[in-house]
Amino acid sequence: MGSVSVAPMVACDSSFMIKSLFTFKLPGMDYEFHLNTTHVALLIVSVFILIVAVIARIKLNKVNSEDTPGMFMNIIELIVEMLQTMVEGLMGKNTSKFVNYLSTLFLFLIISNIAGLFGLRPPTADYGVTLSLGLITFFLIHFNGIKKNKGKHFTALFQPIWFLFPINVIGEFAVPLSLSLRLFGNIMSGTVLMGLIYDLLKPFTVAYPAVLHAYFDLFSGCIQAYVFCMLTMVYVNDKIADE
Amino acid sequence: MNISGQEFISAMSAIGAGIAMIAGVGPGIGQGIAAGHGASAVGRNPGAKSAITSTMLLGQAVAETTGLYGFAVAIILMFVKPFG
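The structure displayed is predicted, hence computed values, not measured ones.

(A) Region of interest: the packing of helix 2 (residues 71–91) of chain A against helix 3 (residues 95–113) of chain A. Residue and element names in this part refer to chain A. Their axes nearest at 9 Å, the elements helix 2 and helix 3 cross at an angle of 125°. With respect to each other, helix 2 and helix 3 are oriented oblique. Of the two possible hands of crossing, helix 2 and helix 3 adopt the one that is right-handed. Residues Ile79, Met82, Leu83, Gln84, Met86, Val87, Glu88 and Met91 of helix 2 touch helix 3, and the partners they reach there are Thr95, Phe98, Val99, Leu102, Ser103, Phe106 and Leu107. Residues belonging to the contact of helix 2 with helix 3 are distributed by class as follows: eleven nonpolar, three polar and one charged.

Structure below.
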């Protein structure tokens, strides 16, 4: 071994890496399963959305047409209306078919992306999560394309001229890849930067990370959630739009 | 001083990660151009501010993709260490 001692990379133990919290083995399988920070954060985010949704539903059932809605109901109405206009602006008359999925996606993404503010590791900073979302979009695009255009969906791959077929196929498969990498890259870069600031600049970390949190978690997270939903809508609408 | 192969690979991975982040130049220029044109469009037609803003953000997010590919390569070189 050489005389130059390369210290193990300091950042490797930083707080932005995915950590295994609990290891277990299933009987009969020769593989160790890990419960890591992504699972816990995903569970917390899902349970939070579920609780808010259930409360909203219960309140909605009890509401009378005479009395004025309270604070909570106003906020829920604001969110639902905002999502409705967002989807309607792009999808037009197909809104009712997609508004449920896109609203769920948007709420999930926005809460996942700002989870860094609450001390969790954002679930979207794990490529497994974003790739699954990208694949859902991929199947949504092609399911709707085949349903709408039948055989024309596949002949469109040969469209301008037949030898562009391989490039068209690569273009179709690049959609989920670029969608998932965009979301992952943005959130991961924010997480890495915040982790480096908290770990490596520890003595100097006074108050100013708040500004960076506002940018990397709030601004970037909201923009990316919006962009992911927008691009999903654009791609799906591209396939189902009337000529 | 002599450097072992393992250490050499670590050092070169770090340098490679730094070089990969040069990819950030392109999206920076592209997003700046998009934001500048967005600002001039709002100046010409302030009524269409929200439509211009959402179009601009969408275009910027798409332009950002190549930079994020560079970032993914850098992250893989630094933390996944495929070469050692």
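Next comes the rest of the write-up.
(B) Here's a closer look at the packing of helix 1 (residues 37–62) of chain A against helix 3 of chain A. Residue and element names in this part refer to chain A. In the contact formed by helix 1 and helix 3, the axes pass within 10 Å of each other and the chain directions differ by 130°. Taken together, helix 1 and helix 3 sit at an angle that is classed as oblique. Considering how the two elements wind past one another, helix 1 and helix 3 form a crossing that is right-handed. Facing Leu42, Val45, Phe48 and Ile49 of helix 1, the residues of helix 3 in contact are Leu107, Phe108, Ile111 and Ser112.

(C) Molecular detail of the confidence of the model for chain A. Here chain A averages 85 in pLDDT, while 93% of its residues score no lower than 70. Low pLDDT, under 50, characterises residues 1–12 of chain A; the predicted model gives this stretch 21 contacts beyond four residues in sequence or across chains.

(D) Geometry of the packing of aromatic side chains. Residues and elements named next belong to chain A. Throughout the structure, instances matching the rule amount to ten aromatic pairs over all chains. Ring centres 5.5 Å apart and planes at 70° place the aromatic pair Tyr127 and Phe184 in the edge-to-face group. Of this pair, Tyr127 sits in helix 4 (residues 127–149) while Phe184 sits in helix 6 (residues 165–200); the two residues are 57 residues apart in sequence, bridging distant segments of the chain. Look at Tyr127 and you get partly exposed, because its relative accessible area is 26%. Taken together, Phe22, Phe24, Tyr31 and Phe33 form an aromatic cluster joined through their ring pairs.

What counts, and where the lines are drawn
Residues numbered from 1 in each chain as written. Chains lettered and ligands numbered in written order. Predicted model: local features only at pLDDT ≥ 70, side-chain atom pairs only at ≥ 80, totals over all residues. Heavy atoms only, no water. Axes fitted to C-alpha atoms, helices over the stretch in contact; angles between N-to-C directions. Helix = DSSP H or I, 4+ residues; strand = E, 2+ residues; numbered from the N terminus. Parallel < 35°, antiparallel > 145°, perpendicular 65-115°, else oblique. Left-handed = near helix turned anticlockwise from the far one by under 90°. Contact = heavy atoms within 4.5 Å. Nonpolar A, V, L, I, M, F, W, Y, C, P; charged D, E, K, R; others polar. pLDDT = per-residue confidence, 0-100. Phe/Tyr/Trp six-rings, centres within 6.5 Å; stacked < 30°, edge-to-face > 60°. Buried < 20%, exposed > 50% of the residue type's maximum accessible area, 1.4 Å probe, protein only.

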